[in-house]
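In case you want the letters, here they are:
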Amino acid sequence: MTEAAAPAQQAEEVQEEKMQVNRREFLNLAWLASLGFLTLSLSGVTILFTYPRFKEGEFGGIFTFGPVEDLPSLDVGPDNYPKVKMWVSNTPEGLYALYKVCPHLGCLYGWNDQEFKFICPCHGSQYEKNGDYISGPAPRSLDRFVIRIEDEAGNVLAETPADGGPVPVPANSNAIIRVDTGSRINGESHA
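Residue positions within a chain follow its written sequence, with the count starting from 1. In keeping with the model being predicted, local features are shown solely for residues with a pLDDT of at least 70 and side-chain atom pairs are shown and tallied solely at 80 or more, while totals for entire chains, interfaces and linings include all residues. Excluded from the side-chain calculation are hydrogens and water; included are all heavy atoms of the structure.

Let's talk about the pattern of salt bridges
Oppositely charged side chains can form a pair if their charged atoms are brought close together. Salt bridges, as used here, are contacts in which a Lys or Arg side-chain nitrogen is within 4 Å of a carboxyl oxygen on Asp or Glu. Enumeration over the complete set of coordinates arrives at six salt bridges. Two residues, Glu-115 and Lys-117, come together in a salt bridge whose shortest N-O distance is 3.3 Å. Between buried and exposed lies partly exposed: a residue is buried under 20% and exposed over 50% of the maximum accessible area for its type, with that area taken using a 1.4 Å probe on protein chains only. Since its relative accessible area comes to 44%, Glu-115 is described here as partly exposed. Among the residues examined, Lys-117 registers a relative accessible area of 16% and is labelled buried. Note that Asp-132 and Arg-144 form a salt bridge whose closest N and O atoms lie 3.0 Å from each other.

Okay, here's the thing in structure tokens:
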């Protein structure tokens, strides 16, 4: 029996040697575990922070302008939407959604009713009603957002072309205008 008990006893001694952790090893394991939890936590927060959370109706998301009948008439200035940093301009060529930041140095430009054009108060850049450059230090015309005009079923009737040109306004007065303020088209360079 002693011969059979000897291998079992040796196995127990080997197992006890493997299970015993000295103080230094325990502290190293605890340090690595806490470092791992810290890394996972910071990674999770970083990932959540980097994902955009744009809601409908806010800058960076889809802004529903409303039905075509709510458009400003051709003989008045554009409508200002400060919450989404946008001007909606109705011209004879079609509809434009203009980004409200001057491409020169990022100032907020405004519409001048007396001169019937956009004027930047910082350095005097001037733009036509459709956002085309007139004069001043700005390097290009105003930036534009993508517009989609949809019917009640959600079918796209008209959309901003890739070059940022005008969107033709359909005769359907129930069509809904949606502006994607997260999709910006840079204005044409004049230099």
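Some remarks on the side chain of Asn-90
Secondary structure counts use DSSP, requiring at least four H or I residues in a row for a helix and at least two E residues in a row for a strand, with both numbered from the N terminus. The topology assignment puts Asn-90 in strand β3 (residues 86–90). Residue Asn-90 is classed as buried on the basis of its relative accessible area, which comes to 10%. Note on contacts: a residue pair is in contact if any heavy atoms of the two residues lie within 4.5 Å. Setting aside its immediate chain neighbours within four residues, Asn-90 contacts Leu-71, Pro-72, Ser-73, Leu-74, Leu-95, Lys-129 and Val-169.

Brief notes about the state of the cysteines
Defined simply, a disulfide is a covalent bond joining two cysteines at their sulfur atoms. The term disulfide is used for any two cysteine sulfur atoms that are within 2.5 Å. Tallying each qualifying case throughout the model produces one disulfide. Covalently, Cys-107 is tied to Cys-122 through a disulfide, its sulfur atoms 2.2 Å apart. Between Cys-107 and Cys-122, the disulfide has an S-S torsion of -115° and is therefore left-handed. Of the two residues, Cys-107 sits in the loop between β4 (95–99) and β5 (110–112) while Cys-122 sits in the loop between β6 (117–119) and β7 (126–127), which places them 15 residues apart along the sequence. The thiol of Cys-102 is unpaired, and the distance to the nearest cysteine sulfur, on Cys-120, comes to 3.9 Å.

Quick notes on the nonpolar core
By nonpolar core is meant a set of buried Ala, Val, Leu, Ile, Met, Phe, Trp, Tyr and Cys residues that side-chain atoms within 4.5 Å join together. Core analysis: the largest hydrophobic core is formed by 19 residues, its most contacted members being Leu-71, Met-86, Leu-95, Ile-147, Ile-149, Ile-177 and Val-179. Elements supplying a minimum of two residues to this core: β1 (62–67), β3, β4, β9 (144–150) and β11 (176–185). Not counting residues within four places of it along the chain, the set of residues in contact with Ile-177 comprises Phe-63, Thr-64, Phe-65, Gly-66, Pro-67, Val-68, Leu-71, Leu-95, Ile-147, Arg-148 and Ile-149. Grouped together as the second largest cluster of nonpolar side chains are 12 residues, Tyr-96, Cys-102, Cys-120 and Leu-142 included.

Thoughts on the pairing of β11
Bridging between β1 and β11 involves five bridges; their strand directions are antiparallel. Paired with Ile-62 across the two strands is Asp-180, which belongs to β11. Whether two strands pair comes down to DSSP finding at least two bridges between them. Where β9 and β11 come together, seven bridges link them in antiparallel fashion. Considered in β11, the bridge of Arg-148 is made with Arg-178.

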